[in-house]
Amino acid sequence: MRQHDAMYIDGTWRSAEGSGTIEVVDPAGERVIATVPAGSAQDVDAAVRAARTALPGWAATPPGERAALLTALRDQLAARAEEFAATITAELGSPLGFSTRVQAGVPVKVVGSYAELAASYAFEEKVGNSTVLHEPVGVVGAITPWNYPLHQITNKAAPAFAAGCTVVLKPAEDTPLTAQLFAECVAAAGFPAGVFNLVTGLGTVAGQALAEHEGVDLVSFTGSTAVGRKIGAIAGGAVKRVALELGGKSANVILPGADLAKAVRTNVADVMRNSGQSCNALTRMLVHADQYEEAVALAAAEADTYTPGDPTAEGTRLGPVVSAAQRDRVRGYIEQGIAEGAKVVAGGPEAPLETGYYVKPTVFAEVTPDMTIAQEEIFGPVLSILRYADEDEALRIANGTVYGLAGAVWAGDEAEAVAFARRLDTGQVDINGGRFNLLAPFGGYKQSGIGRELGRHGLAEYLQTKSLQF
Ligand code: NAD
């Protein structure tokens, strides 16, 4: 596996200040495949200084030139898509087909969309006797998780570059090799030194130093709500901008009259995707009492078709979860579900394979809204099926968690689904199996976060306004 034992700072790969390292583990084989430097507060400081120095020049670069560099970056990501897919499969464990199509494929499109937006966005507008300038926020501290390692980076770096911001990235400790490959692509695309900087390291050391650094103007974080809350507090104390993309416990509401078999099959596929490690996963299926038993039987049979296996083997649809800690966490939730009285109808807490951090594809029936598995984000291949008596109860259950990131509604009539979706407290709703749209704003209501990513709404996060009066 290709790796650097250095940080990418100010346009060059340079040694870390300290000697600490982080081991990268292949979750399917449980083997160490690489080590990367564990950055210190000094490394973060060097990276932030480089980003600050580069900021005036980059902010003053005409948007058309920034767009051209984003196009070059998109081409780099596309040219190296196979390498990205193999790297992501090696360090995350997602099946190679999924890594190719989604993990490596979608970021190419996201960066392409920001190349177009940079070229076309109205960075100046007239409001009465004012000209409003949309200027870059400044230096961005980006802290990303491991579940979609490249996508999470491009969701922040691409709009930041388009806006004229410079970036210091602290990627997740489980998936730093993807971040190193991304840094190589930025360099090859010809971005000026200091516009993008990479510091690998522990969240509690390098991540925290980045969030606290006074040279950072905006902290953009994706990850757990627990860490997000800390970062929000740090940013609040320093009166600096913050964007938080946190967890979810999204509901898939199947109304009577929907195509039940299709709705259930789509829901199971959604939860098994990436071994359930998606913040927008539809982990709660809500079914009317009259159709409940049928839905449970369909979901259990569908889940059983997901055989855990080697993520590099052709045809594998369910790989391991990212780490031993994550596997233990997910299995702990399955055990808790059983202890609280839910009924396992597929899967269970036992290890499906001897080697690798695998979890059985698991479906719970007889789940009630107050159970832990109906409230907390599990981040594994685990689906909870809840029963409702009427639409008002379905709505209460769907809205009855601290989260509000995504959701789905299925109905026989699209207008009926839309009417229900309007009442959901959540940032996204898929209607009758609606597909992911990388130009639509993505982000949470309630404790799922603050701010939006993707498309023009994602670009606006990296801009601040200045009004000139005439
Ligand atoms: P995490 O929140 O601990 O880590 C996310 C990022 O934050 C990583 O880069 C990490 O190094 C960094 N970090 C950790 N502590 C920090 C601190 N004190 N200051 C600054 N940065 C810090 O998430 P995790 O441990 O990788 O996963 C735990 C749970 O989080 C998962 O089980 C899941 O529920 C949730 N999660 C959500 C998402 C999402 O997309 N919303 C992604 C990954 C994980």
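Residues numbered from 1 in each chain as written. Predicted model: local features only at pLDDT ≥ 70, side-chain atom pairs only at ≥ 80, totals over all residues. Heavy atoms only, no water.

This brings us to the sheet that holds strand E6 (residues 130-136). Backbone hydrogen bonds hold the strands of a sheet together, and the pairing may be parallel or antiparallel. Read across the sheet, three strands follow the order E5-E6-E20 without closing on themselves; strand pairing throughout is antiparallel. Bordering the open sheet on either side are strand E5 (124-127) and strand E20 (463-469), each of which pairs with just one other strand. In this sheet, neighbouring strand axes are inclined to one another by 30 degrees on average, regardless of whether the strands run parallel or antiparallel. Note that E6 and E20 share seven bridges and pair antiparallel. The residue of E20 that forms the bridge with Pro136 is Leu463. (Pairing = 2+ DSSP bridges. Helix = DSSP H or I, 4+ residues; strand = E, 2+ residues; numbered from the N terminus. Axes fitted to C-alpha atoms, helices over the stretch in contact; angles between N-to-C directions.)

Attention now goes to the pairing of E5. By the bridge criterion, four bridges tie E5 to E6 in an arrangement that is antiparallel. Bridging across to E6, Glu125 finds its partner in Val132. The antiparallel pairing of E5 with E6 creates a hairpin that spans two residues between the two strands, and Gly128 there sits at a positive phi of about 55 degrees.

A few words on the site of the ligand. In the vicinity of the ligand lie 27 residues, with Trp146, Lys170, Glu173, Ser224 and Arg329 positioned nearest. Here Gly203 contributes a backbone N or O atom positioned 3.3 Å from an oxygen atom of the ligand. With respect to the ligand, the side chain of Ser224 contributes an N or O atom lying 2.7 Å from an oxygen atom. At the level of elements, helix H7 (203-212), strand E10 (218-222), helix H8 (225-238) and helix H11 (324-339) are the ones that each hand at least two residues to the shell around the ligand. Both domains that meet at the shell around the ligand, namely domain 1 (7-246 + 448-469) and domain 2 (251-437), each give it at least three residues. (Near = heavy atom within 4 Å. Polar contact = N/O pair within 3.5 Å; in protein donor to acceptor, adjacent residues only side chain to side chain. Domains from an automatic or database assignment.)

Here the focus is the environment of Val195. Mapped onto the secondary structure, Val195 falls in the loop between helix H6 (176-189) and strand E9 (196-198). Since its relative accessible area comes to 1%, Val195 is described here as buried. Separated by 56 residues in sequence, Val195 and Val139 place their C-alpha atoms 9.0 Å apart. For Val195, the contacting residues outside a window of four places in its chain are Ala54, Trp58, Phe161, Cys165, Thr166 and Val167. (Buried < 20%, exposed > 50% of the residue type's maximum accessible area, 1.4 Å probe, protein only. Contact = heavy atoms within 4.5 Å.)

Moving on to helix H10 (residues 292-303). The end-to-end C-alpha distance of H10 is 16 Å, a good match for the 16 Å that twelve residues give at a rise of 1.5 Å each. Listed in full, the buried residues belonging to H10 are Tyr292, Ala295, Val296, Ala299, Ala300, Glu302 and Ala303. Along the axis of H10, the buried positions cluster into a sector of 165 degrees, meaning they face one direction only. (Expected span 1.5 Å × (residues − 1). Arc of directions from axis to C-beta.)

As a further point, take the nonpolar core. The biggest cluster of nonpolar side chains holds 61 residues, and the ones touching the most others in it are Leu70, Leu73, Phe161, Phe182, Phe191 and Phe196. Broken down by element, the residue count for this core peaks at nine residues, all from helix H4 (residues 96-120). When residues no more than four places from it in sequence are discounted, the contact partners of Phe196 are Tyr8, Phe161, Val167, Leu169, Phe182, Ala183 and Val186. Core analysis: the next-biggest nonpolar cluster, separate from the first, contains 30 residues, Leu255, Phe364, Tyr388 and Ala411 among them. (Core = buried A, V, L, I, M, F, W, Y, C linked by side-chain atoms within 4.5 Å.)

Turning our eyes to something else, we now look at the environment of Glu83. Along the chain, Glu83 turns up in helix H3 (residues 81-92). When the C-alpha atoms of Glu83 and Leu181 are compared, they prove to be 8.6 Å apart, with 98 residues separating the residues in sequence.

Its location among the elements puts Gly449 in strand E19 (residues 449-450). For Gly449 and Thr225, which are 224 residues apart along the polypeptide, the C-alpha to C-alpha distance reads 8.0 Å. The contacts of Gly449, once residues within four sequence positions are left out, are Leu244, Leu246 and Gly444.

Moving on, we get to the sheet that holds strand E15 (residues 362-367). The seven strands lie next to each other as E14-E15-E16-E13-E12-E17-E18, forming an open sheet whose pairing is mixed. At either end of the open sheet lies a strand with only one pairing partner, and these are strand E14 (343-346) and strand E18 (430-431). Lying over the sheet, H10 contacts strand E13 (284-288), E14, E15 and strand E16 (382-388), oriented at roughly 170 degrees with respect to E16.

Okay, the packing of aromatic side chains next. For the structure on display, the rule yields eleven aromatic pairs. Here the aromatic rings of Phe161 and Phe196 are separated by 6.3 Å at their centres, their planes lie at 85 degrees, and the arrangement is edge-to-face. Taken together, the residues Phe161 in helix H5 (residues 149-163) and Phe196 in strand E9 connect sequence positions 35 residues apart. Each member of the pair Phe161 and Phe196 is classed as buried. Through pairs of rings, three or more aromatic residues link up here, namely Tyr8, Trp13, Trp58, Phe161, Phe182, Phe191 and Phe196. When the ring centre of Phe123 is taken as origin, the NZ or CZ atom of Arg66, which lies over that ring, is 5.5 Å away. When the ring centre of Phe470 is taken as origin, the NZ or CZ atom of Lys126, which lies over that ring, is 5.4 Å away. (Phe/Tyr/Trp six-rings, centres within 6.5 Å; stacked < 30°, edge-to-face > 60°. Lys NZ or Arg CZ within 6 Å of the ring centre and 35° of its normal.)

Accessible area lost upon the coming together of the parts is a frequently used measure of interface size. What the domain assignment reports for the chain is domain 1 (7-246 + 448-469) and domain 2 (251-437). Relative to domain 2, the C-alpha centre of domain 1 lies at a distance of 30 Å. Contacts between domain 1 and domain 2 engage 24 residues on the former and 27 residues on the latter. The contact between domain 1 and domain 2 buries some 2,000 Å² in all, and 60% of this surface belongs to carbon and sulfur atoms. When residues of domain 1 are sorted by the area they lose upon contact with domain 2, Pro95, Trp146 and Ser448 head the list and together hold 25% of the total. Connecting domain 1 to domain 2 are zero salt bridges. Linking domain 1 with domain 2 are ten residue pairs in polar contact (both at pLDDT 80 or more), by the criterion used here. Elements with a contribution of two residues or more to the side of domain 1 that touches domain 2: H3 and H4. In the side of domain 1 that touches domain 2, the residues fall into eleven nonpolar, nine polar and four charged. (Buried area = accessible area lost by both parts, 1.4 Å probe. Salt bridge = Lys/Arg side-chain N within 4 Å of Asp/Glu carboxyl O. Nonpolar A, V, L, I, M, F, W, Y, C, P; charged D, E, K, R; others polar.)

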